[in-house]
Amino acid sequence: MTTHTTTRPRRPVTERAAGHYLNRDHTVTGTPAQLADIVANHRNAGNLVAMTAPRPVGDRLQVLIRVREYQPTQPTMRVTSVGERTRTRRPGRTRIAVMVTAITGTAAGLLAVAAYLIGQLVELIAAHAAQIGSVLALAAVLAALAARNSGRRRHCPGC
């Protein structure tokens, strides 16, 4: 006897409550007695939804049955807010781990950017050291001349 299982949800996930029953299609091939036992067991259990008429496959028969199976509850809880959006609640430890990871990643990124910019500034200064030195020397000479000329005192305010 062989069995083939497929899951074909007939309704969208938002309409079906998570962790309840799910309809599954099973293709069962076997002797007439085996098929009768399977159908009787599912009918007595109350989970037989539908079945097709048996069709011959070689010396055996094949039947497609739809069975209602229980799906256990998911570990995360789905919460549907207003509109079509769906969000998932995470446990407290997971939230803390996500926040710590985000903060650490942001801090590492900012440090990397600061180190890169400082390196670029040092490289710029090293490449143009002669021009920067000459401008600073000229500024020092001009400042010395300005201090020397303003150092003369006038003997009276009107002169």
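For the structure, check the block above.
*Asks:* Break down the overall build of the protein chain for me, with residues and values.
*Replies:* Along the backbone of the protein chain there are three helices and seven strands. Each helix and strand of the protein chain, placed in order from N terminus to C terminus, yields the pattern β-β-α-β-β-β-β-β-α-α. Within the span of the protein chain, comprising 159 residues, buried residues form 11% of the whole. Pairs at least 24 residues apart make up 53% of the contacts formed inside the protein chain by residues separated by at least 6 positions. Summed over its atoms, the accessible surface of the protein chain is roughly 12,900 Å², and 61% of this surface lies on carbon and sulfur atoms.

*Asks:* Explain helix α1 (residues 32-45) to me, and be specific about the residues and the numbers.
*Replies:* Compared with the 20 Å implied by 1.5 Å per residue over 14 residues, the 20 Å span of α1 between its first and last C-alpha is a close match. Restricting attention to buried positions, one finds in α1 the residues L35, I38 and V39. Projected down its long axis, α1 shows its buried positions confined to an angular sector of 95 degrees, all on one face. Along α1, exposed side chains directed more than 90 degrees from the buried face belong to A33, D37, N41, N44 and A45. Close packing links the buried residues of α1 with β2 (21-30), β3 (48-51) and β5 (60-70). With its phi angle positive at about 85 degrees, G46 sits one or two positions after the end of α1.

*Asks:* Describe the environment of T31, and please don't skip the residues or the numbers.
*Replies:* As for its position among the elements, T31 is in the loop between β2 and α1. Along the backbone, T31 and L61 are 30 residues apart, and their C-alpha atoms lie at a distance of 6.0 Å.

*Asks:* Which residues make up the pattern of salt bridges, and what values go with them?
*Replies:* One pass over the full model with this rule turns up two salt bridges. The salt bridge partner of R24 is E69, with a shortest N-O separation of 2.8 Å. Placement of R24 in strand β2 and of E69 in strand β5 is noted, with a sequence separation of 45 residues between them. The class for R24 is buried, based on a relative accessible area of 18%. Here D25 makes a salt bridge to R66, at a shortest N to O gap of 2.7 Å. Residue D25 is found in strand β2, and its partner R66 is found in strand β5; the two are separated by 41 residues along the sequence. Classification of R66 as partly exposed rests on a relative accessible area of 23%.

*Asks:* Just give me the short version of the pairing of β5, but keep the residues and values in it.
*Replies:* Pairing analysis gives 10 bridges linking β2 to β5, with the strands arranged antiparallel. Paired with L22 across the bridge in β5 is E69. Strand direction decides the pairing type here: β3 and β5, joined by three bridges, are antiparallel. Bridging across to β5, M51 finds its partner in I65. Bridge count for strand β4 (residues 55-57) against β5 is three bridges, and the pairing is antiparallel. Counted as the bridge partner of V57 is R60 from β5. Hairpin connection between β4 and β5: a loop of two residues separates the two successive antiparallel strands, and G58 in this loop has a positive phi of roughly 65 degrees.

*Asks:* Can you lay out the nonpolar core for me, pointing to particular residues and giving the numbers?
*Replies:* Among the nonpolar cores identified, the biggest contains seven residues, and these are V28, L35, I38, V39, V63, I65 and V67. When near neighbours in sequence (up to four residues on either side) are disregarded, V67 contacts L22, N23, R24, H26, H42, N47 and V49.

So, how was this worked out
Residues numbered from 1 in each chain as written. Predicted model: local features only at pLDDT ≥ 70, side-chain atom pairs only at ≥ 80, totals over all residues. Heavy atoms only, no water. Helix = DSSP H or I, 4+ residues; strand = E, 2+ residues; numbered from the N terminus. Buried < 20%, exposed > 50% of the residue type's maximum accessible area, 1.4 Å probe, protein only. Contact = heavy atoms within 4.5 Å. Areas by Shrake-Rupley, 256 points an atom, 1.4 Å probe, with all protein chains shown as cover. Expected span 1.5 Å × (residues − 1). Arc of directions from axis to C-beta. Salt bridge = Lys/Arg side-chain N within 4 Å of Asp/Glu carboxyl O. Pairing = 2+ DSSP bridges. Core = buried A, V, L, I, M, F, W, Y, C linked by side-chain atoms within 4.5 Å.

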